[in-house]
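One-letter residues, chain by chain:
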Amino acid sequence: MTRSWQATQSSATSIMVIPELSRPGSARPSWRAPILYATITNIVAYLPFGLLSGDTGHFLRSLPVVMTASLIASRLVSMTFIPMLGYYWLRPSKKKELPIEEKRKHGFSGWYYRTGHWCLEHRWTVFIGSIGFLAVGFYLGSMLKSTFFPTDLQFLSTVDVFQADGTALTQTSRTTAAVRKIIQETAAKYTVERHGADSPSILKSLTSFVGGGGPRFWYSLGPEAQQLNYGQIVIEITNKRDMPSFSAMLQPALSAAIPGAIVDVQELQTNGSKYPIEIMVSGRAESTTAGETHDIDTIRSIAGQVEQILRSVPATRRVREDWFSPIMVARLMIDPDRANLTGVTNADVALSTTAGLSGIPVGNLLEGEKQIPIVARLTRSEPSHISDLENLYVYSNQQGKPVPLRAISSIRYQLETQRIRRRAHYRTISVQAFTAQGVLASEVLAATMPQIAALRHNLPAGYRIEIGGEYAKQQTGFDELAIVLLISSLMIFVALVVQFNNAVKPFLVFACVPYGIVGALIALLIMGTPFGFMAFLGIASLVGVIVSHVIVLFDFIEEMYEKGEPLIEAVLDAGIERLRPVMITVGATVLALVPLSIRGGPLWEPLCYAQIGGLSVATFIELLLVPVLYGIFVLDLKFINWEAIAKPPAEAMPTTDIAAS
């Protein structure tokens with residue numbers, strides 16, 4: 001899909017070379033041809049995308065390379081192979097082409113000329129109206145929902161199974177097996193409901209990992225560390241378009257059937273966060289033990305308030321924190337004075353209790369090529385439970401006499417946090433949540449931000465709350481893309497200054513870009529698609545395409561200026577003469593994007609909608625607004641000097657002089 005979109009973009013430039021071929025005898029040097037600069041502007045529009053970092057940079061790293069190679073190749077082909085085909089295949093048209101004077105009177109070009117003439121006469125009214133259109137468009141655009149990367153359609157998804165800390169591996173294995181059975185039952189039910197009883201199951205394979213995550217099989221999926229209470233199942237289905245609806249059916253089935261465990265069904269993310277909503281609470285104590293208990297309790301208290309805030313929004317699902325609940329532990333408290341009197345050290349106590357409860361390796365028995373470990377432990381008739389610790393004897397390595405463990409220690413039972421995560425050396429607990437089907441993480445965060453801001457304001461000294469998850473990635477990605485867009489615009493500006501040898505005319509070229517952005521936002525709003533990174537990418541790539549179209553118009557205007565044509569004829573004839581190549585270019589691009597928007601999946605839909613809407617609106621605007629802006633810059637603001645050479649009137653419809661306001 002990526003290559004097809006890139007081919008769509010590069011094909012536009014090769015199509016736009018047609019008017020260059022149909023203009024024999026041009027006195028302008030070939031290096032100043034508009035198509036050459038249109039190609040350059042498209043190349044420099046995509047080159048800065050190579051500066052993106054992280055997973056986003058890896059995802060788009062090939063875009064500027066492929067686009068640059070495609071555009072250069074299309075330029076070379078349009079200068080060599082296309083003329084050769086035209087020489088052998090094209091034949092002179094039997095129908096004589098109408099002169100420009102006749103085009104001003106008849107057909108669509110005549111309507112365009114009259115409309116453009118009226119717009120030039122009322123140029124300030126038209127300009128103010130266009131500003132109103134921008135204001136309304138950006139207001140409607142502010143109503144768009146926001147996201148980062150949409151979930152792409154894939155054949156694979158994962159099911160993460162977390163149990164309480166301290167769960168044995170055998171119990172985790174049994175729970176994972178139960179999850180597998182429910183997945184198979186749900187897949188069979190889904191197949192019958194969606195495809196019929198006679199259809200084969202959508203489930204292709206299930207792969208289980210117990211005690212830790214599997215290998216990294218997807219670039220944005222980080223495997224979980226080894227832990228006895230974790231299991232993962234990788235689901236593969238036969239048709240990736242079934243994955244969203246199947247996941248939506250599977251999650252509630254697993255949540256209801258597996259009590260006491262956290263079960264998450266997750267589709268593979270293109271570049272998103274594992275948890276859509278993640279709010280991190282960090283403490284003030286670094287990786288030292290000083291004040292550890294107080295710091296942990298304070299962090300848990302703040303995280304509990306964050307959980308309550310998230311649960312207050314009905315659209316949130318599976319709210320929890322990544323430290324999990326504290327578990328009951330037995331602490332052996334050694335009396336140092338008594339231990340010293342009996343000659344028992346802490347190492348003696350550790351060795352004896354380990355041997356009594358779980359056993360210690362003392363050697364290996366060699367049987368052929370096998371090594372069988374020899375473990376010293378209590379006999380089977382002697383139960384190895386925590387309660388038996390008081391009956392154990394500790395052997396002192398110094399005196400060699402057994403000492404009852406109860407004589408030098410006591411057992412204390414207490415709740416403790418077994419899982420403590422750190423971020424930049426600070427203890428940090430992450431409150432994580434998912435959203436209901438069809439609800440974006442940005443909507444939930446927008447509803448909770450006022451309460452989170454109030455909680456931030458009342459935090460104890462040294463504690464802080466940070467927003468992670470999809471929100472943090474979106475902020476970073478959009479900031480980087482904004483910088484890329486700025487660099488791209490500056491490079492295009494430099495190219496236009498070189499082409500026109502003027503620092504003012506490039507601003508006229510860029511004037512159409514905001515209208516294309518508004519068209520893209522309106523298209524996204526009509527299609528009900530949130531504004532995310534791919535939509536931003538589509539808008540950023542619009543700049544080069546729109547500018548290249550305007551360059552085609554400006555080239556004709558510049559030619560007419562060199563010939564001494566009056567302003568009105570020059571700017572309106574540019575629209576008439578360049579109408580067909582511009583419309584063919586836009587039509588080819590839009591038609592090529594339609595199949596991708598239909599079958600490309602949720603990842604490519606925002607980009608296609610933004611491109612289609614932006615190009616459609618910008619094309620209509622540039623054909624009418626460019627003459628208006630040119631008239632304002634020449635007649636009213638005097639930023640551009642236009643000294644028309646007097647010519648005898650030709651056989652044409654009478655034109656009205658447009659005076660400066």
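Bear in mind that the values here come from a model prediction, so they are computed numbers and not experimental data.

Details of the overall build of the protein chain
In terms of regular secondary structure, the protein chain is built from 22 helices and 15 strands. Within the span of the protein chain, comprising 661 residues, buried residues form 48% of the whole. Carbon and sulfur atoms provide 61% of the accessible area of the protein chain, an area that totals close to 32,600 Å².

Remarks on the sheet that holds strand E2 (residues 203-210)
Through backbone hydrogen bonds, the strands of a sheet pair up, either in parallel or in antiparallel fashion. The four strands lie next to each other as E2-E3-E1-E4, forming an open sheet whose pairing is antiparallel. Here the strands that pair on one side only, and so sit at the sheet edges, are E2 and strand E4 (262-267). Looking at each pair of strands side by side, their axes are set apart by 15° on average, direction ignored. The pairing of E2 with strand E3 (residues 230-237) spans seven bridges and is classified as antiparallel. Of the residues in E3, the one forming a bridge with Ser205 is Glu236. Most of the contacts of helix H10 (residues 169-195) go to E2, to which it runs at about 170°, and overall it touches strand E1 (156-162), E2 and E3. Packing of helix H11 (residues 243-257) onto the sheet brings it into contact with E1, E3 and E4, and relative to E4 it is tilted by some 180°.

Examining the side chain of Thr158
With respect to the secondary-structure elements, Thr158 resides in strand E1. Look at Thr158 and you get buried, because its relative accessible area is 2%. Beyond its immediate sequence surroundings of up to four residues, Thr158 is in contact with Phe217, Leu221, Gln232, Ile233, Asp264, Val265, Gln266 and Leu268.

What to know about the pattern of salt bridges
Counted according to the given criterion, the structure contains 16 salt bridges. For Arg464, the salt bridge goes to Glu466, with nearest N and O atoms at 3.8 Å. A single network of salt bridges, built from pairs that share partners, joins Asp160, Glu224 and Lys274.

Re the environment of Phe324
Inspection of the secondary structure assignment puts Phe324 in the loop between strand E6 (316-321) and strand E7 (327-334). The spacing of Phe324 and Ile429 is 105 residues in sequence and 9.6 Å in space, taken between C-alpha atoms. If we ignore the near neighbours within four places in the chain, the residues touching Phe324 are Phe162, Gln163, Asp165, Asn229, Ile262, Arg300 and Arg419.

Procedures and definitions
Residues numbered from 1 in each chain as written. Predicted model: local features only at pLDDT ≥ 70, side-chain atom pairs only at ≥ 80, totals over all residues. Heavy atoms only, no water. Helix = DSSP H or I, 4+ residues; strand = E, 2+ residues; numbered from the N terminus. Buried < 20%, exposed > 50% of the residue type's maximum accessible area, 1.4 Å probe, protein only. Areas by Shrake-Rupley, 256 points an atom, 1.4 Å probe, with all protein chains shown as cover. Pairing = 2+ DSSP bridges. Axes fitted to C-alpha atoms, helices over the stretch in contact; angles between N-to-C directions. Contact = heavy atoms within 4.5 Å. Salt bridge = Lys/Arg side-chain N within 4 Å of Asp/Glu carboxyl O.

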